[in-house]
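Coordinates in review
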Amino acid sequence: YTLPNHYEMKLIKKKIGDKFVFSGVDEMIASAMISDVDGAIGSTYNVVPELFFDMRNAYENSDIAALSKDNEIDVKLINIMYRYSFMGSLKYLLERLRLGTRYLRIPNHTLTDGEADALVSDLKKLKDEYDIMGMELFSSLCIKHDKFKLQCTQRNCSRCGCPVPRSHPPYISR
């Protein structure tokens, strides 16, 4: 269900009975949970899965403040991604996580190096604004040096001391 009307979604769910209804609007996952959806399918779930596990736990523990805060982080992440090209940003972030390649087929827009650097800078600001911890995407950000350009087998970037995720494989310079 990809419309933002969760009242209608609940009516559909009630009418179809035991069949599954999945929400497909990333920005509305909190509302979808409250509307008792069976699951969700979204793009940003692939780059910050920890955020959505946290949201699910907050919902199950009736922690509406935490659910709301996490939803706000997701919406801000999505807005940042749209600033540069949503699909280009998604592909770039998946590549940072070693889950794909940043390149898109024409006519889609692959982020330039400058756009990718600006995206990383904006994500670092989001990380700092919300003091985001424990999410691989945000833990991997190194503003001074893109982790793809590092030859690093240490816990910190050997060039500037920025934290690098502990479980990272050795990166090879391109």
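These numbers come from a predicted model, not from an experiment.

Turning next to the packing of aromatic side chains. Following the criterion strictly, the structure yields three aromatic pairs and no others. Aromatic side chains Phe20 and Phe22 sit 6.2 Å apart centroid to centroid with 35° between the ring planes, which places their arrangement in the tilted category. You can call Phe20 exposed: its relative accessible area is 62%. Its relative accessible area of 36% is what places Phe22 among the partly exposed residues.

Taken residue by residue, helix 1 (residues 6-16) has His6, Met9 and Lys13 as its buried positions. Looking straight down helix 1, one finds its buried side chains confined to an arc of 45°; they lie on one side. Opposite its buried face, helix 1 presents the exposed residues Tyr7, Lys14 and Lys15, each directed more than 90 degrees away. Looking at the buried side of helix 1, the elements it contacts are strand 1 (22-23) and helix 2 (29-34). Here helix 1 starts with a cap whose side-chain oxygen sits 3.2 Å from the backbone nitrogen of Tyr7, and that cap is Asn5. Just beyond helix 1, the residue with positive phi is Gly17, at close to 75°.

With that settled, the discussion passes to the pattern of salt bridges. It is possible for side chains bearing opposite charge to pair when their charged atoms get close. The tally for this structure, following the rule as stated, stands at seven salt bridges. With a shortest N-O distance of 2.6 Å, Asp122 and Arg83 are connected by a salt bridge. Placement of Asp122 in helix 6 (residues 113-130) and of Arg83 in helix 4 (residues 64-84) is noted, with a sequence separation of 39 residues between them. Overall, Asp122 belongs to the buried group, its relative accessible area being 12%.

Cut-off values and rules
Residues numbered from 1 in each chain as written. Predicted model: local features only at pLDDT ≥ 70, side-chain atom pairs only at ≥ 80, totals over all residues. Heavy atoms only, no water. Phe/Tyr/Trp six-rings, centres within 6.5 Å; stacked < 30°, edge-to-face > 60°. Buried < 20%, exposed > 50% of the residue type's maximum accessible area, 1.4 Å probe, protein only. Helix = DSSP H or I, 4+ residues; strand = E, 2+ residues; numbered from the N terminus. Arc of directions from axis to C-beta. Contact = heavy atoms within 4.5 Å. Polar contact = N/O pair within 3.5 Å; in protein donor to acceptor, adjacent residues only side chain to side chain. Salt bridge = Lys/Arg side-chain N within 4 Å of Asp/Glu carboxyl O.

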